[in-house]
Amino acid sequence: MFEFVDTILQFSFLFFSFQWVLVTLEMKKMIAYYLDPMAHQPCDDLKDIVNMAMRINPPEKQKTSKREPTWVKVVCPRQPGSVECGYYVMRYMKEIIANPNQLTSKKSYSEMEINEVRSDWVMLVTQLIITHV
């Protein structure tokens, strides 16, 4: 279990190599948490981009950091098919924000849990369309 008490997390919802993944950064500790619903390892290109961004914007008041970030591959629910990755990543984000110290230990999400994310998404997009048209 992770302790995120008094910690500022930065979320990066990334589409990389035809797959949505979540990289959550804990800048003060120079840690990148990697969540992938397909359970792949982070590819070198993604790690290079995130490492460079974290070194350029270090947590301390120094200009840059020579320290390499630590990567933690978080065990998270696996998607059953090849097209649910975006919904899974949105569900992770929702759970982490709601209760950051209680990351799920589920092997997968139920159809009802994924439908909840779909409904949230539809409501958000509908609201944006109504307010901006």
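Keep in mind it's a predicted model, so treat the numbers as computed, not measured.

> Just to check I follow, could you spell out the overall build of the chain for this structure?
When you go through the chain residue by residue, the secondary structure sums to 3 helices and 4 strands. Here the chain, with 133 residues, has 32% of them falling under the buried criterion. Taken as a whole, the chain presents about 8900 Å² of accessible surface, with 59% of it coming from carbon and sulfur.

> Looking at this structure, I do not really get helix H1 (residues 44-56). What am I missing?
One turn of the α-helix equals 3.6 residues, which is why residues spaced by three or four share an orientation. Helix length check: H1 (13 residues) gives 18 Å between terminal C-alpha atoms against 18 Å at 1.5 Å per residue, within 8%. For H1, the full list of buried residues reads Leu-46, Val-50, Asn-51 and Met-54. One side of H1 holds all its buried residues, which, seen down the axis, span an arc of 125°. Exposed side chains of H1 directed beyond 90 degrees from the buried face belong to Asp-44, Asp-45 and Ile-49.

> Whenever I open this one, helix H2 (residues 85-98) confuses me. Can you help?
Relative to the 20 Å expected for 14 residues at 1.5 Å per residue, H2 spans 20 Å between its end C-alpha atoms, a close match to the ideal helical length. All of the buried residues in H2 are Cys-85, Gly-86, Tyr-88, Val-89, Arg-91, Tyr-92 and Ile-96.

> Help me out: how do you make sense of the packing of aromatic side chains in this one?
In this description, an aromatic ring pair is defined by two values, namely the gap between the centres and the angle between the planes. Under the defined criterion, the tally for this structure stands at 3 aromatic pairs. On the numbers, 6.2 Å between centres and 45° between planes, the contact of Tyr-92 with Tyr-109 is tilted. Within this pair, whereas Tyr-92 is found in helix H2, its partner Tyr-109 is found in the loop between H2 and helix H3 (111-132), the two being separated by 17 residues in sequence. The same class applies to Tyr-92 and to Tyr-109, which are both buried. Three or more aromatic residues link up through ring pairs in this structure, and these residues are Tyr-88, Tyr-92 and Tyr-109. Lying over the aromatic face of Tyr-109, Arg-91 brings its terminal NZ or CZ to 5.6 Å of the ring centre.

> Got a minute to help me understand the nonpolar core in this structure?
If you look at soluble globular proteins, the nonpolar side chains tend to sit buried side by side. Grouped together as the largest cluster of nonpolar side chains are 12 residues: Leu-22, Ile-31, Tyr-33, Leu-35, Val-74, Cys-76, Tyr-88, Val-89, Tyr-92, Ile-96, Tyr-109 and Ile-114. Of all the secondary-structure elements, those providing two or more residues to this core are strand E3 (31-35) and H2. Of all hydrophobic cores here, the second largest spans 11 residues; its members include Val-23, Ala-32, Tyr-34 and Trp-71.

> Honestly, a nonpolar patch on the surface in this entry has me stumped. Any pointers?
A cluster of nonpolar side chains, namely Trp-121, Leu-124, Val-125, Leu-128, Ile-129 and Val-133, defines an oily patch on the protein surface of about 590 Å² accessible area. With respect to the helices and strands, the residue Val-133 is situated in the segment after H3.

Calculation criteria
Residues numbered from 1 in each chain as written. Predicted model: local features only at pLDDT ≥ 70, side-chain atom pairs only at ≥ 80, totals over all residues. Heavy atoms only, no water. Helix = DSSP H or I, 4+ residues; strand = E, 2+ residues; numbered from the N terminus. Buried < 20%, exposed > 50% of the residue type's maximum accessible area, 1.4 Å probe, protein only. Areas by Shrake-Rupley, 256 points an atom, 1.4 Å probe, with all protein chains shown as cover. Expected span 1.5 Å × (residues − 1). Arc of directions from axis to C-beta. Phe/Tyr/Trp six-rings, centres within 6.5 Å; stacked < 30°, edge-to-face > 60°. Lys NZ or Arg CZ within 6 Å of the ring centre and 35° of its normal. Core = buried A, V, L, I, M, F, W, Y, C linked by side-chain atoms within 4.5 Å. Patch = residues over 30% accessible without salt bridge, like charges linked within 9 Å, V, L, I, M, F, W, Y side chains within 5 Å. Salt bridge = Lys/Arg side-chain N within 4 Å of Asp/Glu carboxyl O.

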